[in-house]
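Read off the chains here:
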Amino acid sequence: MAKQEKTFRPKARVPKGLRDVAAPNVRAEARMIARIREVYERYGFDPLETSALEYADALGKFLPDEDRPNEGVFSFQDDDEQWLALRYDLTAPLARYVAEHYDGLPKPFRRYQTGPVWRNEKPGPGRFRQFTQFDADTVGAPSVAADAEMCMMGADCLEALGLQRGQYRLRVNNRKVLDGLLEEIGLGTDAEDRTHMTVLRSIDKFDKLGRRGVELLLGAGRKDESGDFTKGAGLAPEQISRVLDYVESGLNEASADRGAVLEGWRNVVGNSAIGREGIDELAEMDALFTAAGYGPDRIEFNSWIVRGLGYYTGPVFEADLLFDVKDEDGNLVRFGSVGSGGRYDGLIERFKGVKVPATGFSVGVSRLQAALEALGRVEKDVVAPPVVVLTLDASNMAGYQGMVGELRNAGIRAEMYLGGSGMRAQMKYADRRGAPVAVIEGEDERARGIVTLKDLILGSEVSREITDNAEWRQSAAAQIEVERSKLVEGVCEILARHGLHSGHHGR
RNA sequence: GCAGGCGUAGCUCAGAUGGUUAGAGCGCUAGAUUGUGGAUCUAGAGGUCCCCCGUUCGAUCCGGGGCGCCUGUACCA
């Protein structure tokens, strides 16, 4: 069978893990970003924008995990054969920026930045290969006061976005505490050590897998639902129980008393110098939280917060939502954290050779928006749909343009129909756009010096009671005629009837 | 990445043992009903039956490989 020749047609599809964002969500995200910006500005941070592309070596690799070296970053070669990469977060570009302009910057340097970042990895529900982050960082501040401020600011952001106290929590831990724990159970202090990393990652899963799951991961390993096996850390039973003791030590107190949590941790890791240092730092942060009025209902100390193993060196924190979210099929959706951060004292050192202490917090804008949407916290689109001026007479486009101009000058969102179809299609268009008013001027109206204004909102209510077509069409429901010169007043009146904003009329 | 499941129209899905022209509902585009959204009727557009290779006279269907989607897991800078 001879194959028919066919013209090549590219398949219209968005690449995996990427997505198109429609008007209501674009606007919702813009509002969200504006609110976060207000909070960051209030804390004294200044904006900075860096480019989406960086030299790949400037981004560096923060995956000591040899399972997947070099993955996660979109990169390509420039004309000069140097490797460029899309930024995968906003912190690495900040480190590059600070290193590049170090001498000219005030220290501490405090900046915020938002924008899309890209990660070349497997997408999942609420997890995309491009998403928006909103970062704030303080560079050159060694004190944990800077970290404490990040946590409080994170809480402020979530509340500014409409989350109630109790619907979220900032969970704070300190890498030094975890290092102390590992030292205490005899694992040494080599952060690159494989067992070391496996143990930390196991602890991180307490929230998801519970005590039993973590126990398996610390020991021989765990089999998941699909039957796939995850190799464990291979700790001895004695070591496992000490880790679990630590993880559970603050559990009951967590929502009640930060000081009690720290005391519990002291019993577990108190013999290690690094562990003690970590706990002391957290005690200092606790004092600042308390002085500023941030109780444990907003910020808690949490034993299983670990965060990524790449570069955090001190306090780490994460903003978690405490309510369940279900998808369309009624399945529970795990959103993960909607914000995170921590201290990364080694990052700028990569460029400068000198240690520059830094800490930061990042809101996961895309993910948080998805969560707020699920919670019904996203306000309806605040931009009113436009009034549509029908173009019934192709020889009178100038006249229609004039009407649209008058409406726009009066501050009313308006457009004329620009398609090529007939009146019925034009009405359908206006309907689909959600237009509150259709302005109709055919030959009849023009001859009489009037325009017909159709109240589409009222019309839609009326239509529900009419089943007969002739009646429906002849009723000319919800239409009024006004003199051509009274177009703007007439439209304003209908808008006002529905409580719609009609621009700056009266001016 | 690993494990399992699944790929037929924009969406939800039928379908034949391997046989000519692959269907439905919804949606979409138009027409009819005086120049009007809904309703009704009519017509039209839209498919490489995920892709490649193999077996076969013949593959959307069988076999192998790949890609994509879903779930779990891993990772999450």
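About the cut-offs
Residues numbered from 1 in each chain as written. Chains lettered and ligands numbered in written order. Predicted model: local features only at pLDDT ≥ 70, side-chain atom pairs only at ≥ 80, totals over all residues. Heavy atoms only, no water. Helix = DSSP H or I, 4+ residues; strand = E, 2+ residues; numbered from the N terminus. Contact = heavy atoms within 4.5 Å. Salt bridge = Lys/Arg side-chain N within 4 Å of Asp/Glu carboxyl O. Buried < 20%, exposed > 50% of the residue type's maximum accessible area, 1.4 Å probe, protein only. Pairing = 2+ DSSP bridges. Axes fitted to C-alpha atoms, helices over the stretch in contact; angles between N-to-C directions. Phe/Tyr/Trp six-rings, centres within 6.5 Å; stacked < 30°, edge-to-face > 60°. Lys NZ or Arg CZ within 6 Å of the ring centre and 35° of its normal. Parallel < 35°, antiparallel > 145°, perpendicular 65-115°, else oblique. Left-handed = near helix turned anticlockwise from the far one by under 90°. Nonpolar A, V, L, I, M, F, W, Y, C, P; charged D, E, K, R; others polar. Expected span 1.5 Å × (residues − 1). Polar contact = N/O pair within 3.5 Å; in protein donor to acceptor, adjacent residues only side chain to side chain.

Asks: Looking at this structure, I do not really get the overall build of chain A. What am I missing?
Replies: Within chain A one finds 18 helices and 20 strands. Counted over contacts in chain A with a minimum sequence separation of 6, partners at least 24 positions apart contribute 70%.

Asks: What's the story with the pattern of salt bridges in this structure? I'm lost.
Replies: Side chains bearing opposite charge may pair, as long as their charged atoms lie close to each other. The final tally for this structure, using the stated rule, is 28 salt bridges. Of the charged contacts, one joins glutamate 300 and arginine 171 as a salt bridge, the two residues approaching to 2.9 Å between their closest N and O atoms. Linking glutamate 300 in strand 10 (residues 299–301) with arginine 171 in strand 7 (residues 168–174), this pair joins segments that are 129 residues apart in sequence. Via salt bridges that share partners, Arg169, Arg171, Asp207, Glu300 and Asp320 belong to a single interconnected network.

Asks: Quick question: what am I supposed to make of the pairing of strand 18 (residues 437–440) here?
Replies: Looking along a regular strand, one sees the side chains alternate between the two faces of the sheet. Neither face of strand 18 is open: one carries Val437 and Val439, the other Ala438 and Ile440, and all of them are buried. As judged from the 4 bridges shared by strand 18 and strand 19 (residues 450–455), these two strands associate in the antiparallel manner. Looking at strand 19, one finds that alanine 438 is bridged to lysine 454.

Asks: Sorry if this is basic, but what is going on with the sheet that holds strand 11 (residues 315–321) here?
Replies: Whenever strands of a sheet pair, they do so through backbone hydrogen bonds, lying parallel or antiparallel. Ordered in space as 1-5-6-15-14-11-7-10, the 8 strands form an open sheet in which the pairing is mixed. Two strands in the sheet have a free side with no partner beyond their single neighbour: strand 1 (46–47) and strand 10. Note: strand 5 (residues 109–118) against strand 6 (residues 130–139), 10 bridges, orientation antiparallel. Among the inter-strand pairings, threonine 114 is bridged to a residue of strand 6, identified as phenylalanine 134. Where helix 12 (residues 365–375) meets the sheet, its contacts fall on strand 6, strand 11 and strand 15 (358–364), and the angle it forms with strand 15 comes to roughly 40°.

Asks: Looking at this structure, how should I read the pairing of strand 11?
Replies: Within strand 11, 7 of the 7 residues are buried, leaving the element largely enclosed by the surrounding structure. Neither face of strand 11 is left uncovered, since the one carrying Pro315, Phe317, Ala319 and Leu321 and the one carrying Val316, Glu318 and Asp320 both have all their residues buried. Inspection of the sheet shows strand 7 paired to strand 11 by 7 bridges, in the antiparallel sense. Looking at the pairing, asparagine 174 lines up with proline 315 of strand 11. Relative to strand 14 (residues 339–343), strand 11 is paired through 4 bridges, and the arrangement is antiparallel. Its bridge partner being in strand 14, alanine 319 is matched across the sheet by glycine 339.

Asks: Just to check I follow, could you spell out the side chain of aspartate 286 for this structure?
Replies: Position of aspartate 286 among the secondary structure elements: in helix 10 (residues 273–292). If we skip the residues at most four places from it in the chain, aspartate 286 touches Arg258, Gly259 and Phe301.

Asks: Please clarify how the sheet that holds strand 19 should be interpreted in this entry.
Replies: Spatially, 5 strands are ordered 17-16-18-19-20 in an open sheet, and the strand pairing comes out mixed. Each of the sheet's edge strands pairs with one partner strand only, and the pair in question is strand 17 (414–416) and strand 20 (479–483). Averaged over all pairs of adjacent strands, the angle between strand axes in this sheet comes to 25°, irrespective of strand direction. Sheet topology places strand 19 next to strand 20; 5 bridges connect them, and they run antiparallel. Directly across from valine 451, in strand 20, lies its bridge partner valine 482. Here helix 13 (residues 397–409) sits on the sheet in contact with strand 16 (387–389), strand 17, strand 18 and strand 19, set at roughly 175° to strand 17.

Asks: When you look at the packing of aromatic side chains in this model, what are you seeing that I'm missing?
Replies: How two aromatic rings sit relative to each other is set out by the distance from centre to centre and by the angle between their planes. Scanning the entire structure with this criterion turns up 12 aromatic pairs. An aromatic cluster of three or more residues is present, and its members are Tyr40, Phe45, Tyr112 and Phe134. Above the face of the phenylalanine 128 ring, arginine 19 is positioned so that its terminal group lies 3.9 Å from the ring centre.

Asks: So what exactly am I meant to see when it comes to the side chain of aspartate 147 here?
Replies: Structurally, aspartate 147 can be placed in helix 4 (residues 144–160). If we ignore the near neighbours within four places in the chain, the residues touching aspartate 147 are Met285, Pro315, Phe317, Gly342, Arg343 and Thr359.

Asks: I keep staring at helix 12 and nothing clicks. Help me out?
Replies: Residues Val365, Ser366, Leu368, Gln369, Ala371 and Leu372 constitute the buried set of helix 12. Those residues of helix 12 that are buried are in contact with helix 1 (23–42), strand 6, helix 4, strand 11 and strand 15. Backbone geometry just downstream of helix 12 places glycine 376 in the positive-phi region, at approximately 75°.

Asks: Sorry if this is basic, but what is going on with the packing of helix 7 (residues 206–218) against helix 8 (residues 237–249) here?
Replies: Between two packed helices, the angle of one axis relative to the other and the distance separating the axes together describe the packing. Between helix 7 and helix 8, the least distance of the axes is 9 Å, while the angle of their chain directions is 165°. What the angle tells us is that helix 7 and helix 8 run roughly antiparallel. As for how helix 7 packs across helix 8, the hand of that crossing is left-handed. For the pair helix 7 and helix 8, the contacting residues are Phe206, Arg211, Val214, Glu215 and Leu218 in the first and Ile240, Val243, Leu244, Val247 and Glu248 in the second. Within the contact of helix 7 with helix 8, the residues separate by chemical class into 7 nonpolar, no polar and 3 charged.

Asks: Would you mind going over helix 4 with me for this structure?
Replies: Because each turn of an α-helix spans 3.6 residues, side chains separated by three or four positions in sequence point in the same direction. Taking 1.5 Å per residue as the helical rise, helix 4 with its 17 residues ought to reach 24 Å, and the 24 Å between its terminal C-alpha atoms agrees with that figure. Between the side-chain oxygen at the start of helix 4 and the backbone nitrogen of alanine 145 there is a gap of 2.8 Å, and the oxygen is on serine 143. Two residues or fewer after helix 4 comes glycine 162, characterised by a positive phi angle close to 105°.

Asks: What should I look at first to understand the packing of helix 1 against helix 4 in this one?
Replies: Their axes nearest at 9 Å, the elements helix 1 and helix 4 cross at an angle of 145°. Crossing angle aside, the handedness with which helix 1 passes helix 4 is right-handed. Together, Arg35, Ile36, Val39 and Tyr40 of helix 1 and Met153, Asp156, Cys157 and Ala160 of helix 4 make up the contact between the two elements. Along the lines of polarity and charge, the residues of the contact of helix 1 with helix 4 split into 6 nonpolar, no polar and 2 charged.

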